[in-house]
Amino acid sequence: MIYLDNAGTTKVSEKVKNSMLPYFDEIYGNASSLHEYGQIAKEHLEKSREKVANLLGAEAREIYFTSGGSESDNWAIESACKFGEIKGKKHIVTSAFEHHAILHTLQEKEKQGFEVTYLPVYENGIIKIEDLKNAIREDTCLVTIMFANNEIGTIQPIKEIGYICKEKGITFHTDAVQAVGHIPVNVKELNVDMLSVSAHKFHGPKGVGILYCKKSTPLFNLIHGGAQERNKRAGTENLSDIVGLTTALEDAINEMESISQKEIILRNKLFSELSKIPHSKINGDIKNRLPNNFNMSFEGIEGESLLLLLNDEGICASSGSACTSGSLDPSHVLLAIGLPHEVAHGSLRLTLSKYTTEEEIDKVIEVVPRVVEYLRKMSPVWDELVKGVRKYVI
């Protein structure tokens, strides 16, 4: 099988897997215990924290280990809102195409009396700084804008957003789950107050992540119980996965330049060749996007059928976020950039990794046009387009 759904999750690398093994049957103590096994575990935990901090340009005391991106997103929002409410500020600014870990959490905050402004992202999938400036109010307690979109890969002007928030004294959080390990991320240079990371997006294990929280930013507990993570997050630390995360992050950053160059070449080859399919459209900015992200729409077909037929051909692909793959509704991301429902339904997301080969890309380029043509021949919508009953959108 050709696996091209790396935005959904990645393969755990052999090096990462081997780095984790000693923590199952050798260094398996509880890092909160006072005995020798516990203290050895504690030492390894803090070494991982220091290494992660250095890799992200942070301080060790600003790194909190979590169960992944969704928890980190929830924790950041809940904490910023609690602090905002104390100060009488209950307004939040975000974008219209955030991950559902952000959007669903904000919907809950709206039920609790918070007001949320959803910035448009336009056809290129990028917010406008002027829109952000106009949206900020005296009672704004949080700006949360994702670093890079999980479906179309577009990268937001995070450093500029951070500067504006810093000037205004507003907490700025970014969901960097798709960005970290793929493009350079230095929290100090970006002026972010909180940042979310998930290990399984860069060849680490699932179920472990990071919340970076700047030392001057108030952080309230999301999980109560023990005194772990400096009394901020209860629960015995998942040391094996934390070590795996650390190894994966270190490898991703060290290999970033060479892997990105390879991915860009292969991704651009996909865009170049598959754009030859009539009535197709690249989604999102072609240049200001993650190096491994390909997303196109093909008019007159259904994305679900496309994915099933590609799977039959040995190609694992996606039409959007894995978190909503069970939904028959079109992607909220594609709707946010202005695609009509019928075109958004016919989308294809291919996301590459360091393991993707040129031979695999050549196979995709051979198969996709054939499958699209086959689906169009069966489509009553396509038949109406060809006969002129409907007008082409693309």
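For the structure itself, consult the block above.
### What to know about empty space enclosed by the protein
Next up, step 1: All chains considered together, the criterion is met by three cavities of 30 Å³ or more.
Next up, step 2: By volume, the largest cavity amounts to about 160 Å³.
Next up, step 3: Lining the largest cavity are 21 residues, with Gly181, His182, His203, Ala252 and Ile259 positioned closest to its centre.
Next up, step 4: A total of eight residues in the lining of the largest cavity trace back to one element, the largest contributor, which is helix H10 (residues 239-274).
Next up, step 5: The residue makeup of the lining of the largest cavity, split by class, is seven nonpolar, nine polar and five charged.

### Comments concerning the nonpolar core
Next up, step 1: Residues Ile63, Val143, Phe147, Ile161, Val180 and Leu195 are the most contacted members of the largest nonpolar core, which totals 64 residues.
Next up, step 2: The dominant element in this core, judged by the number of residues it contributes, is H10, at seven residues.
Next up, step 3: Beyond its immediate chain neighbours, meaning those up to four positions away, Leu195 contacts His173, Thr174, Ala176, Val180, Val185, Val187, Ile210, Leu211 and Tyr212.
Next up, step 4: Listed in part, the 26 residues of the second largest apolar core include Leu270, Ile315, Val364 and Leu375.

### Some words on the packing of helix H11 (residues 303-312) against helix H14 (residues 358-378)
Think of two packed helices as two axes; the pair is described by the angle between the axes and how far apart they sit.
Next up, step 1: The N-to-C vectors of H11 and H14 enclose an angle of 130°; their axes lie 10 Å apart at closest approach. Comparing their axes, H14 and H11 come out oblique. Both H11 and H14 take part in a crossing whose hand is right-handed. Seen from H11, the contacting residues are Ser305, Leu306, Leu309 and Leu310; seen from H14, they are Val367, Val368, Val371, Val372, Tyr374 and Leu375.
Next up, step 2: Per-class residue counts for the contact of H11 with H14 are nine nonpolar, one polar and no charged.

Reading the values: rules and limits
- Residues numbered from 1 in each chain as written.
- Predicted model: local features only at pLDDT ≥ 70, side-chain atom pairs only at ≥ 80, totals over all residues.
- Heavy atoms only, no water.
- 1 Å grid on protein atoms, 1.4 Å probe; cavity = no way out; pocket = protein on both sides within 12 Å on 5 of 7 lines; lining within 4 Å.
- Points joined across faces, edges and corners; volume = space filled by probe spheres on them.
- Helix = DSSP H or I, 4+ residues; strand = E, 2+ residues; numbered from the N terminus.
- Nonpolar A, V, L, I, M, F, W, Y, C, P; charged D, E, K, R; others polar.
- Core = buried A, V, L, I, M, F, W, Y, C linked by side-chain atoms within 4.5 Å.
- Buried < 20%, exposed > 50% of the residue type's maximum accessible area, 1.4 Å probe, protein only.
- Contact = heavy atoms within 4.5 Å.
- Axes fitted to C-alpha atoms, helices over the stretch in contact; angles between N-to-C directions.
- Parallel < 35°, antiparallel > 145°, perpendicular 65-115°, else oblique.
- Left-handed = near helix turned anticlockwise from the far one by under 90°.

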